[in-house]
Every structure is written in C-alpha cells, then in structure tokens.
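# Understanding the architecture of this molecule
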Amino acid sequence: MASDTLKATLVADKSFVIAEVDKRIYGSFIEHLGRAVYGGIYEPGHPEANAAGFRGDVQALVQALNVPIIRYPGGNFVSAYNWEDGVGPLELRPKRLELAWRTVEPNEVGTNEFMDWAKEVGSEVMMAVNLGTRGVDAARNLLEYCNHPGVTYWSDLRRKHGVEQPHRIKTWCLGNEMDGPWQIGQKTAVEYGRLAYETGKAMRLIDPEIELVSCGSSSSAMPTFPEWEAVTLDHTYDVADYVSLHQYYGNRDNDSANFLARTMDMEHFIKTVTSTCDYIKAKKRSKKTMYLSFDEWNVWYHSNDADSRLEPWSVGPPQLEDHYNFEDALLVGSMLITFLRHADRVKIACLAQLVNVIAPIMTEAGGAAWKQTIFYPYQHASAYGRGISLQPIVNSPKYDAQDYTDVPYLDSALVYNEESEELTIFAVNRHLEEGLQLTCDVRGFEGYRLIEHIVLHHEDLKAINTARDEQVKPRQASGTVCKDGFVETLLSKASWNVIRLGRTNSSNC
Ligand code: AHR
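What you see is a predicted model; the values in this text were computed from it and never measured.

## Focus on the sheet that holds strand 26 (residues 495-502)
Taken in spatial order, the seven strands line up as 2-15-19-20-26-22-23 in an open sheet, and their pairing is antiparallel. Of all strands in the sheet, those bounded by a partner on one side alone are strand 2 (17-20) and strand 23 (475-476). As paired strands, strand 19 (residues 410-417) and strand 20 (residues 422-429) are joined by eight bridges and run antiparallel to one another. The residue bridging Asp411 from the neighbouring strand is Val428, located in strand 20.

Shown next, in the form of structure tokens:
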C-alpha cells in the first residue's frame, strides 16, 4: 500500500454509550400523494393484489425493510383532510378535490384500510390530525373513533364499520408543517401553539396513553427557524412528547462533495432544536425532556421539473417520483448515521416516503415492484442498527466544500447489540476519488470476529436502478480483516459500508 493512502482511525468501546437506539428511527411515511397509495400500496386488479386491493409484492418489499412505524395520511394532505370521508361503506365515500397536491382523492383507502395494511406489514402507525382547516373537534373525534373501545358515538361507528377492536394508535402528530406558506391553513407560531396545546389537551383526556408530536419547522432553512420552535414549544411543552423536524436535500448544482457534506447541516439542525427544547425546559423549570421526531427526511429534487408539468385533478398522478442515483444512497446512509449519533434525542425518524413518492420502493402499474438505490442503506441500518448506539472516537482527514468546512471524509456510527453480541460499524467514505484505509480499535470487544463487510459502491455516482436493471446493489467486500483487536479495511472511494462483528458466525479472522 502506498504511504500516501488516506488513513482514518476509529475506536469502539462499550462504555462510550450514546443511548439505546429507538427502533422507530427506521420509520417511514405514506401520504395520500401521487402514486403512494393509489397505484402504490393499493392497486386493485394487479395480479399481486389481495382481496382488499393491496399489492403483495409491495408488501413484501416493505417487510424486507422492517419498518417499525409509518406516518399517515400526510404530510400536506392532512391539512385539508376530512377523515370521516375515508370511513364507512365505500359507495358512500365522496370524491374530493385535494388541494395540497391538486389531485382528486377518491377516499377508497382511509383509516381502517390503512390500519389493516400496516398490521399486515408489521408496522405501527403514527397518525396525523388536521390542524390546517380543522381543529380540536375533528381530532378528538378521530381519536375516539380509533382508540376508544365502544359505547360512544364515534367508537360505535367504528364497530359499525366492521372494526370491533380499537386500533390503539399510540403516536399522533399535531398537524403538519404549520409554519409553511404552502400549507392549507398555515398558522403563526402563536396560533399554532395555542391550537396544538388545546388539541393535545383534549386528546389526552380521551386517551392518556398517547404520545404527541408538536410541529417544528418545515426545514432548517425556514426564515422563522428556530423562533418557531421557541414560541410553539412554549405553548405545547407540557402536552407534547416530541417536536418534529423535516429536511430534504438536493444536488441541483451537481457539486457532489458539497452534497455529501449536507449532514453537517443536519447535525447543526438537530443540535439547534435540542438546545431550543432545553431552553424551554429550563424556562418552564420542567423535569420533562422533549425528544425529537425527524418525521420527514430524504433526498428530494430530481422530480421537481416533471411535477411542474403535471395537469391537476387526477387520481394518483406520478408526483414526486425521484429516481435515485448512487450518490443519493450515500447521503441517505450519512443521514441514518446522523440519527444514530443522536440516538439520545432523536427517537423517531421517518424516511419520506415509502412507495413511489420520493421512495425506496417503486412500482409499475400492473407490473413489477422494485428497489431504488436508497433502499439499501435504509435496509441495512434497519436490520443491523438496533441496540446501543456507541460514540465512535474518530480521527479522519477532512475537506472543505462549498458550504461546509472541516468535513470528515469518514462518517461513521456504531451499534452494539448486547443480545445478539454483535457490533456494527456503519461508515461512509465521502472521498470521491480515493479509498480510505480505516483502522478500527475494537479491543473492547474481546473474542469478536468479522461476520461480513457489506459495501455499496458504484463507479458512476449517477448510476440508477430501474425495474429491469439493478445497477446499484450491495456486495461483500474482500480484504477486511479483524486481528488482535483491530479491524483493518480499505473503504472504497464513495462508498457505504456495514462492517459486522460478532462472537458467532465467524469467518476471516
Ligand atoms: O413528503 C412530501 C411533502 O414534503 C410533505 O407532504 C410535506 O409535509 C413536506 O413539505
């Protein structure tokens, strides 16, 4: 090996505990938007559809991701949604103009159908209430319909609709992106804070077991961030358990080094929201810690031009259909790493979204369901990122990008699973031209051996997958060794890596 090879080191130790990873950071999101529901999870008449019209092939891919929680039904959609339109006999359900995305909502899928589907795929649902055009009354009625056992108007209506047992939905979002001028029924921070508090108060009276998410800013770039958080939390702190964060990144100017450094912004966003929560905690002399629900995150920009050309008012048009390339998968990997390193405060995160709409899973009408590039880091993190998040002590060469300075080439997180006795090293090499020689000190994990080193790499940063050609897919890396308490590996340039160590299934060591 040439002496000028880029080198990085990492120390892993069981005592460097950040927190237990809340598995809900591997959540996702299905909105009534584009082909997410109609033509995505639900396509009656498709050869793989079940009796209720839900596609089995899509369900299998969702199950392969092992998604613990799915946010529903929006998103911007929820801010003008009448949930009552989506329950009861199908033939009585109205078709509505859907104003957020300018489509037609047929209401063939509503609360009960979605809850059934979520149960099938093994996910909890995180339900959002409409605080745009509606308020306390609609929210409390929906909660009563979903969670109350019976003998009241709304709970008996659910039973009349064929759902005897309550859904027992635990996590509820108090509206969506209420700071955004695009939101139907946008609010000022004070208006939202008051409404969210009163709504949450009523909801808790019905079901004290629920958890509530107060709306944070729509992104770190909002002009009202972080004042929005400070003002709204001043109202909602006592009733809410989480504050939401949303963030999407793009590479519009085709500067990949800068694009891969975007998690520096995400890191800053998380730290600022955390500090704002703690400021309100101090101001209120509260004993309660507010947690973060990063309930929308992803890369989103590829589809913007196509969307602007779509005609309005159809059912399930191809909106927000980003075709993800290899570099997008690297950033998604880094975003997951960022959540792991903030496992002490980020307890929920939802990849937005799950099917067809800015999604890891795509479908063809009447045809195949297939995996985008971003499917893989998400799948790996969900599979191997459960346990205790440990702080990696990293020494890495750095670079300066257009918007960020001192960006470490090595972006990494560690997860130790006590039960399975496994340690997983997640690592992105952000260097676009050179491999990174990585030495990991794992002496604290005596007797551990290398299970495997999975790598996602493609020579072309712009390579994409299609229904018939999966160009970007993981493979086993060769040459990684674990010896005398050290892992030695060469991380390919521009690569996502999952290095798994354990006491069992040993090989290579
Ligand atoms: O996920 C797509 C949209 O992005 C959501 O509807 C909205 O909440 C956000 O602006």
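On we go.
## Overview of the site of the ligand
Near the ligand you find 13 residues, and of these Glu31, Asn76, Glu177, Tyr248 and Glu296 are the closest. Within the side chain of Tyr248, one N or O atom sits 2.8 Å away from an oxygen atom of the ligand. Between an oxygen atom of the ligand and a side-chain N or O atom of Gln353, the distance comes to 2.9 Å. Within the complex, 95% of the 280 Å² of free accessible area of the ligand lies under protein.

## What about the sheet that holds strand 24 (residues 481-483)?
Strands sit in the order 16-1-21-25-24 across an open sheet of five strands; the sheet is mixed. Two strands lie at the open edges of the sheet, namely strand 16 (393-395) and strand 24, each paired on one side alone. When the angles between neighbouring strand axes are averaged without regard to direction, this sheet yields 15 degrees. As paired strands, strand 1 (residues 6-11) and strand 16 are joined by three bridges and run antiparallel to one another. Within strand 16, the residue paired with Leu10 across the bridge is Val394.

## Quick look at the layout of surface pockets
The calculated volume of the largest pocket comes to roughly 420 Å³. Contributing to the lining of the largest pocket are 26 residues, with Glu177, Trp182, Ser218, Tyr248 and Trp300 lying nearest its centre. Here the element with the most residues in the lining of the largest pocket is strand 10 (residues 242-249); it accounts for three residues. Looking at the second largest pocket, its volume works out to about 270 Å³. Considering the residues around the second largest pocket, the lining is formed by 16 residues, among which Met115, Lys119, Pro166, His167 and Arg168 are closest to the centre. Among the elements of the structure, helix 2 (111-121) and strand 7 (124-129) are those that each provide at least two residues to the lining of the second largest pocket. Among the residues forming the lining of the second largest pocket, the class breakdown is six nonpolar, four polar and six charged.

## A few points about the packing of aromatic side chains
On inspection of all chains with the given rule, the structure shows 19 aromatic pairs. Here Phe77 and Tyr81 contribute two aromatic rings whose centre-to-centre distance is 4.7 Å and whose plane-to-plane angle is 40 degrees, an arrangement assigned as tilted. Using a relative accessible area of 2% as the deciding quantity, one classes Phe77 as buried. By relative accessible area, which is 8% here, Tyr81 ends up buried. Seen from their ring centres, Phe225 and Phe269 are 5.0 Å apart, and the 85 degrees between their planes marks the pair as edge-to-face.

## Details of the packing of helix 3 (residues 136-147) against helix 5 (residues 189-206)
Two numbers describe how helix 3 lies on helix 5: the axes approach to 9 Å, and their chain directions differ by 25 degrees. By the angle between their axes, helix 3 is roughly parallel relative to helix 5. Crossing handedness for the pair helix 3 and helix 5: right-handed. Touching Val136, Ala139, Arg140, Leu143 and Glu144 of helix 3 are Leu195, Glu198, Thr199, Ala202, Met203 and Ile206, all from helix 5. Here the contact of helix 3 with helix 5 is composed, by residue class, of seven nonpolar, one polar and three charged.

## Some thoughts on the environment of Ser286
Mapped onto the fold, Ser286 is located in the loop between helix 8 (263-283) and strand 11 (291-299). Assessed through its relative accessible area of 18%, Ser286 is described here as buried. It is 8.4 Å that separates the C-alpha atoms of Ser286 and Asp238, two residues lying 48 residues apart in sequence. Residues within four places of Ser286 in sequence aside, it is in contact with Tyr237 and Lys281.

## Overview of the domain arrangement of the protein chain
When cut into domains, the protein chain gives domain 1 (6-15 + 389-502) and domain 2 (22-282 + 291-384). Between domain 1 and domain 2, the C-alpha centre-to-centre distance is 30 Å. In this assembly, 45 residues from domain 1 lie in contact with 35 residues from domain 2. Interface area for domain 1 against domain 2, summed over the two sides, is near 3300 Å², with a carbon-plus-sulfur share of 64%. Of all residues in domain 1, the largest losses of buried area upon contact with domain 2 belong to Tyr404, Lys462 and Trp496, amounting jointly to 19% of the total for that side. Asp403 serves as the salt-bridge partner of Arg262, at 3.1 Å between the closest nitrogen and oxygen. For the side of domain 1 that touches domain 2, the secondary-structure elements that each account for two or more residues are strand 18 (407-408), strand 19, strand 20, strand 22 (449-456) and strand 26. Each residue belonging to the side of domain 1 that touches domain 2 can be placed in one class, and the counts come to 23 nonpolar, eleven polar and eleven charged.

Criteria and thresholds
In every chain, residue numbers begin from 1 and rise along the written sequence. The predicted origin of the model limits local features to residues at a pLDDT of at least 70 and limits the giving and counting of side-chain atom pairs to 80 or more, whereas totals for whole chains, interfaces and linings rest on all residues. Based on all heavy atoms of the structure, the side-chain values leave hydrogens and waters out of the count. By definition, two strands form a pair when at least two bridges between them are found by DSSP. The helix count covers DSSP runs of H or I at least four residues long, the strand count covers runs of E at least two residues long, and both are numbered beginning at the N terminus. Consider each residue's heavy atoms; a residue with any of them within 4 Å of a molecule or strand counts as near. Under the rule applied, a polar contact is a pair of N or O atoms within 3.5 Å (in protein, one hydrogen donor and one hydrogen acceptor; residues adjacent in sequence only if both atoms are side-chain atoms). Areas reported here follow the Shrake-Rupley algorithm with a probe of radius 1.4 Å; residue values treat only the protein chains shown as occluding. Axes here mean lines fitted to C-alpha atoms, for a helix over just the part in contact, with angles spanning 0 to 180 degrees between N-to-C directions. Buried and open spaces are told apart on a 1 Å grid over the protein atoms alone, a cavity being a set of points where a 1.4 Å probe fits but cannot get out and a pocket being an open set with protein on both sides within 12 Å along at least five of seven lines. Residues with an atom within 4 Å of a point are the lining residues. Grid points are joined across faces, edges and corners, and a volume is the space filled by probe spheres set on the points. Here the term charged refers only to Asp, Glu, Lys and Arg, the term nonpolar to Ala, Val, Leu, Ile, Met, Phe, Trp, Tyr, Cys and Pro, and the term polar to all other amino acids, Gly among them. Any two rings among Phe, Tyr and Trp, with Trp reduced to its six-membered ring, count as a pair given centres within 6.5 Å; such a pair is stacked if its planes are under 30 degrees apart, edge-to-face if over 60, and tilted if neither. Partly exposed describes any residue whose relative accessible area lies between the buried limit of under 20% and the exposed limit of over 50%, with all areas from a 1.4 Å probe on protein chains only and scaled to the type maximum. Reported orientations rely on four angle classes, namely roughly parallel under 35 degrees, roughly antiparallel over 145, roughly perpendicular from 65 to 115, and oblique for the rest. Definitions for this section: a left-handed crossing has its near helix turned counterclockwise from the far helix by less than a right angle. A right-handed crossing has that turn clockwise. Every residue pair with non-hydrogen atoms within 4.5 Å of one another is taken to be in contact. The source of the domain bounds is an automatic or database domain assignment. The term buried area means the drop in 1.4 Å probe accessible area that two parts suffer when joined, counted for both and summed. The salt bridge definition used is simple: a Lys or Arg side-chain nitrogen within 4 Å of an Asp or Glu carboxyl oxygen.

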